[in-house]
Amino acid sequence: MITGVVGLGLIGGSIAKAYKQAGWRVFGVDTDKSIENFAILSGAIDASLDNYSLKKCDLIHIAINPIGAVEFMKANAKEFQKKCVVIDNCGTKQRVCKAGFALAQENGYTYVGGHPMAGTHLSGFKNSNASLFTGASMIIVPPVQDNIELLEKIKKLLSPMGLKKIVSATADEHDRIIAFTSQLAHVISNAYIKSPTAINHRGYSAGSFKDLTRVAWLNENMWSELFIENRKHLIKETRILIDNLEQYVKAMEENNVNRLKELLKEGRIAKEISE
């Protein structure tokens, strides 16, 4: 089996290494040719993904930003084999899936939206590893939700990643929930660390501080694009958070310990329910 990987950063590099480790033939391409060459020398990929090798691929993983993913598909849709399955790994789905489904239907191959729920605060090929996705879940957005044969095919094609669970969703459902589970967490972390007090945290901080600030260390270029792509859902979730925070502030301003207890209890119960 042959796969092509577009983008050799943390996600794409880890995908390439996972498939190579599983015995697949792997071709890769990156805008930074030095990374592409290093990936070849290190054995993560067999060779560069070019017009010739693109036509051989059974599977294409696109691991770049949504706009870039759409541009790549538009530029290469006519080159994909009819049996090829194209999966993007973007953090938002509506723009890329709309284009992906239309191009696949027009050119006769299969496109599926994808988003692996794995990563670190570090980025780049140098931090990629074959086990990044082991035990993780992956959200897929298939062209139809009730095609069992296609879902089984996708599961088999994704097996080298070592995923624990594959969740099927619509593009809008994905973006709505990801706005809360991922994007809002990055906004909170990034805003929280801006307090002037943060510079003096050493000796005063433990697990709570580390957990809350871990994803403040982000790639601002990538995340700003994702936030804007999904701004409708992310703005809604951010406003809900602000409204909730205002209730805590009001209870403390009014020295209302009973109201504060209620708010804290509500949060504890909400966490228990979500587990």
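Everything quoted here is computed from the prediction, not taken from an experiment.

**Q** I would appreciate a short explanation of the packing of aromatic side chains in the present structure.
**A** Working definition: an aromatic ring pair is given by the centre-to-centre distance plus the angle between the planes. For the structure shown, the criterion picks out 7 aromatic pairs. Seen in terms of ring centroids, Tyr-19 and Trp-24 are 4.9 Å apart; in terms of plane orientation they differ by 85 degrees. Their pairing is edge-to-face. The two residues Tyr-19 and Trp-24 agree in class, both being buried. Ring geometry for Phe-72 and Phe-80: centres 6.4 Å apart, planes at 40 degrees, overall tilted. Taken as a pair, Phe-72 and Phe-80 share a single burial class, namely buried. Aromatic ring contacts, followed pair by pair, group Phe-72, Phe-80 and Tyr-109 into a single cluster. Above the face of the Phe-125 ring, Lys-17 is positioned so that its terminal group lies 4.5 Å from the ring centre.

**Q** Any chance you could explain the sheet that holds strand E8 (residues 165-168) here in plain terms?
**A** The strands that make up a sheet are held in pairs by hydrogen bonds between backbone atoms, and each pair lies either parallel or antiparallel. Spatially, 8 strands are ordered E3-E2-E1-E4-E5-E6-E7-E8 in an open sheet, and the strand pairing comes out mixed. With partners counted over all chains shown, the strands left at the sheet margins are strand E3 (47-48) and E8, one partner each. Alignment of strand E7 (residues 137-141) against E8, held across 4 bridges, turns out to be parallel. Looking at E8, one finds that Ser-137 is bridged to Lys-165.

**Q** Just checking my understanding: could you explain the pattern of salt bridges for this structure?
**A** Once the charged atoms of two side chains with opposite charge are near each other, the side chains can pair. Enumeration according to the criterion identifies 11 salt bridges in this entry. Across the pair Lys-155 and Glu-152 runs a salt bridge, and its minimum N-O distance is 3.8 Å. You can see Lys-155 and its partner Glu-152 sitting in helix H6 (residues 148-158), 3 residues apart, about one turn around the helix. With a relative accessible area of 44%, Glu-152 lands in the partly exposed category. A salt bridge links Lys-271 to Glu-275; the nearest nitrogen and oxygen atoms lie 2.6 Å apart. According to the relative accessible area criterion, Glu-275 is exposed, its value standing at 68%. Put simply, Arg-259, Glu-262 and Glu-266 are held in one network by salt bridges that share partners.

**Q** It is not clear to me how the environment of Phe-101 should be interpreted in this structure. Could you clarify?
**A** Inspection of the secondary structure assignment puts Phe-101 in helix H5 (residues 94-107). Along the backbone, Phe-101 and Gly-113 are 12 residues apart, and their C-alpha atoms lie at a distance of 8.8 Å. Discounting residues that sit within four places of it in the chain, Phe-101 has contacts with Tyr-111, Val-141, Pro-142 and Pro-143.

**Q** Mind showing me how you'd approach the side chain of His-233 here?
**A** In this fold, His-233 is placed in helix H10 (residues 231-253). A polar contact is formed between the side chain of His-233 and the side chain of Asp-172, at a distance of 3.2 Å. For His-233, the contacting residues outside a window of four places in its chain are Gln-94, Asp-172, Asp-175, Arg-176 and Ala-179.

**Q** Hey, could you run me through the nonpolar core in this one?
**A** A general tendency of soluble globular proteins is for nonpolar side chains to be buried together. Counting residues in hydrophobic clusters, the biggest one holds 28 residues, and the most contacted among them are Tyr-19, Leu-158 and Met-161. Secondary structure elements with two or more residues in this core: helix H1 (10-21), strand E5 (85-88), E7 and H6. Broken down by element, the residue count for this core peaks at 5 residues, all from H6. In this view, Tyr-19 contacts Thr-3, Trp-24, Val-26, Leu-59, His-61, Leu-157, Leu-158, Pro-160 and Met-161; residues no more than four positions away in its chain are not counted. Counting 27 residues, the second largest nonpolar core, distinct from the first, contains Cys-90, Tyr-111, Val-141 and Ala-171.

**Q** How should I be thinking about helix H9 (residues 220-229) in this particular structure?
**A** Two residues of an α-helix separated by three or four positions point the same way, owing to the 3.6 residues in each turn. Buried within H9 are the following residues: Trp-223, Glu-225, Leu-226 and Phe-227. At its buried positions, H9 is contacted by helix H4 (66-76), helix H7 (171-192) and H10. Backbone nitrogen of Asn-221 and a side-chain oxygen of the N-cap are separated by 3.0 Å at the start of H9; the cap is Asn-219.

**Q** Which parts of the structure should I look at to understand unusual backbone geometry?
**A** Trans is the common state for peptide bonds, and a negative phi is the common state for residues other than glycine. Its identity is not glycine, yet Asn-255 carries a phi of approximately 55 degrees, on the positive side. Looking at the secondary structure, you find Asn-255 in the loop between H10 and helix H11 (257-274). With a relative accessible area of 70%, Asn-255 lands in the exposed category.

**Q** Would you mind showing me how to read a negative patch on the surface here?
**A** Taken together, the side chains of Asp-243, Glu-246, Glu-253 and Glu-254 make up a negatively charged region of the molecular surface. Relative to the helices and strands, Glu-254 resides in the loop between H10 and H11.

**Q** Looking at this model, I keep getting lost on the packing of H7 against H10. Mind explaining?
**A** A pair of packed helices is characterised by two quantities: the angle between their axes and the separation of those axes. Where H7 contacts H10, the two axes come as close as 8 Å, and the packing angle between them is 50 degrees. Overall, the two elements H7 and H10 adopt an arrangement that is oblique. Once H7 is placed against H10, the crossing between them reads as right-handed. Taken together, the residues of H10 that come into contact with H7 (itself represented by Asp-172, Asp-175, Arg-176, Ala-179, Phe-180, Gln-183, Leu-184, Val-187 and Ile-188) are Lys-232, His-233, Leu-234, Glu-237, Thr-238 and Leu-241. Here the contact of H7 with H10 is composed, by residue class, of 7 nonpolar, 3 polar and 5 charged.

The rules behind each value
- Residues numbered from 1 in each chain as written.
- Predicted model: local features only at pLDDT ≥ 70, side-chain atom pairs only at ≥ 80, totals over all residues.
- Heavy atoms only, no water.
- Phe/Tyr/Trp six-rings, centres within 6.5 Å; stacked < 30°, edge-to-face > 60°.
- Buried < 20%, exposed > 50% of the residue type's maximum accessible area, 1.4 Å probe, protein only.
- Lys NZ or Arg CZ within 6 Å of the ring centre and 35° of its normal.
- Pairing = 2+ DSSP bridges.
- Helix = DSSP H or I, 4+ residues; strand = E, 2+ residues; numbered from the N terminus.
- Salt bridge = Lys/Arg side-chain N within 4 Å of Asp/Glu carboxyl O.
- Contact = heavy atoms within 4.5 Å.
- Polar contact = N/O pair within 3.5 Å; in protein donor to acceptor, adjacent residues only side chain to side chain.
- Core = buried A, V, L, I, M, F, W, Y, C linked by side-chain atoms within 4.5 Å.
- Patch = residues over 30% accessible without salt bridge, like charges linked within 9 Å, V, L, I, M, F, W, Y side chains within 5 Å.
- Areas by Shrake-Rupley, 256 points an atom, 1.4 Å probe, with all protein chains shown as cover.
- Lys, Arg positive; Asp, Glu negative; His and termini not counted.
- Charge placed at Lys NZ, Arg CZ, Asp CG, Glu CD.
- Axes fitted to C-alpha atoms, helices over the stretch in contact; angles between N-to-C directions.
- Parallel < 35°, antiparallel > 145°, perpendicular 65-115°, else oblique.
- Left-handed = near helix turned anticlockwise from the far one by under 90°.
- Nonpolar A, V, L, I, M, F, W, Y, C, P; charged D, E, K, R; others polar.

Keep in mind these values describe shape, not function.
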